[in-house]
Amino acid sequence: MARNLINTITLFLVISLPVLAQQPTRPTRPPAKEGEVDNQEIKVEKSRKIDLPPASRIFTKIPSAKANTETRKMTYEFQDRKLTIGDPRIQLNVLSPTATQPEAAPVYTNYVKVGAGNYGTFLGEGFVGLNSQPNYGAEISLRHLSSSIGPVDGGNSAQSETRLKLAGKYLTDAFKITGSVGYDRDQYYFYGYKSAVNDLTSSAKPLDKPNRDSLRQRLNTFRATIGIENINSENAIDYSLRTGITALTDYYAASEVDWGTNFNGSVGITDNVVALVSADAYVTQRTDGPVDNRNLFRVRPAFKYTSPLFTATVALNAVNETDKRLGVNTTLAFPVVNLDVVPTGNIHFFAGIDGDINRNTLRSLLNENRWLSPQTPLVNTVKSLDIYGGSKGEMGAGFTYEGKVSYAQYRNFYAFNNTWPDTTKFFVLYDGGNAKVLTISAQLGYNLKDKFRSMLKADFFRYTLDRLDEPWGRPRTAAQWSNSYILNRKLFITADFYVYEGIRGRNFVTGQTITLPAITDLNLKIDYFLGKQVGAFVALNNILGQNYQRYLYYKVQGLNFQGGISYSF
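For clarity, every value in this text was computed on a predicted model and none was experimentally measured. (Residues numbered from 1 in each chain as written. Predicted model: local features only at pLDDT ≥ 70, side-chain atom pairs only at ≥ 80, totals over all residues. Heavy atoms only, no water.)

### Looking at the overall build of the chain
Here is step 1 of the chain: Tallying secondary structure elements over the chain gives four helices and 28 strands in all.
Here is step 2 of the chain: Across the 569 residues of the chain, 49% fall into the buried class.
Here is step 3 of the chain: When contacts within the chain are restricted to residue pairs at least 6 apart in sequence, long-range pairs at least 24 apart make up 65% of them.
Here is step 4 of the chain: Working note: accessible area of the chain is about 25,800 Å², and carbon and sulfur atoms make up 60% of it. (Helix = DSSP H or I, 4+ residues; strand = E, 2+ residues; numbered from the N terminus. Buried < 20%, exposed > 50% of the residue type's maximum accessible area, 1.4 Å probe, protein only. Contact = heavy atoms within 4.5 Å. Areas by Shrake-Rupley, 256 points an atom, 1.4 Å probe, with all protein chains shown as cover.)

Next up, the structure:
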């Protein structure tokens, strides 16, 4: 049966045009090349809120029964693919010091943390893990962060977020089962009214302070997932399957139920060739006035050839999308090819082509811009072609680098702009033509003996749009510099600096196009462990004190700080 299965997969993929996918080596393949540098992408989003790392020390939650299974597992993406070009997400979470974690595991893995700061900020957080048995474990975490006042009219720009999650896993010699349930609650206000009024006309009189309840927005998100994956490194066939459902509701009439299932598998053909397959299924119902059923199904068979000097992956990405409300039922196939050449040492040169359909859901758009207007239209973005190339590698003395150039074409490329006549909310605007995006990225990293880590990254975007006048709300230049330092496993210092430039918006009431001032944001966080069980932290955010606008008319908090203590047990 196994031989028939292999013959069937081989025949299907020979007929299909294969794709590229990076997967860890199988027992039938040679070991991974030493010093290979993985692609890394950090997405950041600046909200009008204070964001702290979830824990003041590094914990290994629910340890695995086998030390080598976690390092061998396939690098699957258990989430839908994101549209990352010109990504408008800015999240000022400082660089996590995971790569510089202490050599010795902490004695206590459970903790509670409390903190407070200006803008009426309160932080409460806790984690409890139950790991008394080697083959199974469970954990529960709770986090609440709120600011009672904000940058505009006090409580009218307040915000709060609450996160509750229960997770567990069960391990055998052959597989691992994981599951989780969670609840998120986000409350905030549409406070962009004051600046909008002041921009209408020079003679306009400021409106009276709006009633707070009329500005309120509240998002409730429930999620549950379960998955199974192979953890036996001796198996010739590797697999992983995960399914989960997410339900989102807001303060008004909007709701969305999204059920997603992801499968990934691989089987060794020869010592150098591996057959890969991934499949995704998403069934979504969105209600915001009319009911809209939106589904997407994807299958991606591929072959990967690996040798010490050359790696090639070819695949066919076949995607079907349906939208009952829009009358859409479309199936597209995209060839995917990736080549990686190692001419010498740890230096790589890579190139490839790619294509896909990127899902846009109410939840994914709210994660980018929380100020969306009701009945926001939802349309998926088609990446019809992405041609890219570059180089990455290690330069010695702790330095790594990566440079990449990408030229992509999109249909239904989207942007965010203020609505009319209510400028406090945002449209999602789609370019239904052929939008082109040129992206130039460069990254330089440095790591000093697991004590100091630094990463400098810059992205430059050039947009050629067909039907939109501008890529509203998207930066043309994005740069970040992130650093972390550990001293004697007791003092942790993390710092980051962000620059975003070229963001534009239009006020459709006045017809005025506005270029937002460049965003510069500097943050610093210090964690100090007073003993095995007690720690203290201090965080300074937006040290430069700029009340900049990530989205037009929405100023963020200026200099804000928090301090607190944590207790481990």
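### Notes on the packing of aromatic side chains
Here is step 1 of the chain: One pass over the structure, following the stated rule, counts 23 aromatic pairs.
Here is step 2 of the chain: Consider the rings of Y567 and F569, whose centres lie 6.3 Å apart with planes at 15°: the pair is stacked.
Here is step 3 of the chain: Exposure remark for Y567: the relative accessible area of 39% places this residue in the partly exposed category.
Here is step 4 of the chain: What makes F569 partly exposed here is its relative accessible area of 36%.
Here is step 5 of the chain: An aromatic cluster is defined as three or more aromatic residues linked by ring pairs; in this entry it consists of Y188, F190, Y191, W371, Y414, F416, F426, Y430, Y551 and Y554.
Here is step 6 of the chain: Sitting over the face of the ring of F537, K113 holds its NZ or CZ atom 4.9 Å from the ring centroid.
Here is step 7 of the chain: Above the face of the Y551 ring, R550 is positioned so that its terminal group lies 4.4 Å from the ring centre. (Phe/Tyr/Trp six-rings, centres within 6.5 Å; stacked < 30°, edge-to-face > 60°. Lys NZ or Arg CZ within 6 Å of the ring centre and 35° of its normal.)

### As for the pattern of salt bridges
Here is step 1 of the chain: Applying the stated criterion across every chain, the model contains 19 salt bridges.
Here is step 2 of the chain: R163 is paired through a salt bridge with D186; the nearest N and O atoms lie 2.9 Å apart. With R163 in strand β4 (residues 159-171) and D186 in strand β5 (residues 175-189), this pair connects stretches of sequence that are 23 residues apart.
Here is step 3 of the chain: Judged by its relative accessible area of 25%, R163 falls in the partly exposed class.
Here is step 4 of the chain: Between D258 and R359 there is a salt bridge, with its nearest N and O atoms 2.9 Å apart. Taken together, the positions of D258 in strand β8 (residues 255-268) and R359 in the loop between β13 (347-358) and α4 (362-368) put the pair 101 residues apart, joining distant regions of the chain. The same class applies to D258 and to R359, which are both buried.
Here is step 5 of the chain: When salt bridges that share partners are traced, they join E125, R143, E161, R163 and D186 into one network. (Salt bridge = Lys/Arg side-chain N within 4 Å of Asp/Glu carboxyl O.)

### Focus on the nonpolar core
Here is step 1 of the chain: Judged by nonpolar contacts, the single largest core of 24 residues is most densely connected at L365, L366, W371, L372, F416, F426 and V428.
Here is step 2 of the chain: Among the secondary structure elements, those contributing two or more residues to this core are β5, α4, β16 (413-418) and β17 (426-431).
Here is step 3 of the chain: Other than its neighbours up to four places away in sequence, F426 contacts N369, W371, L372, S373, F416, N417, N418, T419, Y551, L552 and Y554.
Here is step 4 of the chain: Ranked by size, the runner-up nonpolar core spans 22 residues in total, among them F413, A415, A478 and Y548. (Core = buried A, V, L, I, M, F, W, Y, C linked by side-chain atoms within 4.5 Å.)

### Quick look at the environment of A397
Here is step 1 of the chain: Within the secondary structure, A397 is located in the loop between β14 (381-396) and β15 (399-411).
Here is step 2 of the chain: Residue class for A397 comes out exposed when judged on its relative accessible area of 69%.
Here is step 3 of the chain: A sequence separation of 49 residues divides A397 from Y446, and the C-alpha atoms of the two residues are 8.4 Å apart.

### Details of the pairing of β5
Here is step 1 of the chain: Pairing of β4 with β5 involves twelve bridges; the strand directions are antiparallel. Note on β5: the bridge partner recorded for A167 is S180.
Here is step 2 of the chain: Linkage of β4 to β5, two consecutive antiparallel strands, is achieved through a turn of three residues.
Here is step 3 of the chain: Of the pairings in the sheet, the one linking β5 to strand β6 (residues 216-230) comprises 15 bridges and is antiparallel in character. Within β6, the residue paired with D184 across the bridge is T221. (Pairing = 2+ DSSP bridges.)

### Here's the deal with the confidence of the model for the chain
Here is step 1 of the chain: Across the chain, pLDDT averages 83, with 79% of residues at or above 70.
Here is step 2 of the chain: Contacts of residues 1-105 to residues separated by more than four positions or lying in other chains number 316 contacts, the stretch itself having pLDDT below 50.
Here is step 3 of the chain: Note on residues 196-206: pLDDT is under 50 here. Beyond four places in sequence and across chains, it has 14 contacts. (pLDDT = per-residue confidence, 0-100.)

### Here we look at empty space enclosed by the protein
Here is step 1 of the chain: Summed over all chains, the structure comprises five cavities of 30 Å³ or more.
Here is step 2 of the chain: If you add up the space inside the largest cavity, you get close to 120 Å³.
Here is step 3 of the chain: The wall of the largest cavity is formed by 15 residues, among which Q217, D250, L372, S373 and P374 lie closest to the centre.
Here is step 4 of the chain: Among the secondary structure elements, those contributing two or more residues to the lining of the largest cavity are β6 and α4.
Here is step 5 of the chain: Considering only residue class, the lining of the largest cavity consists of nine nonpolar, four polar and two charged. (1 Å grid on protein atoms, 1.4 Å probe; cavity = no way out; pocket = protein on both sides within 12 Å on 5 of 7 lines; lining within 4 Å. Points joined across faces, edges and corners; volume = space filled by probe spheres on them. Nonpolar A, V, L, I, M, F, W, Y, C, P; charged D, E, K, R; others polar.)

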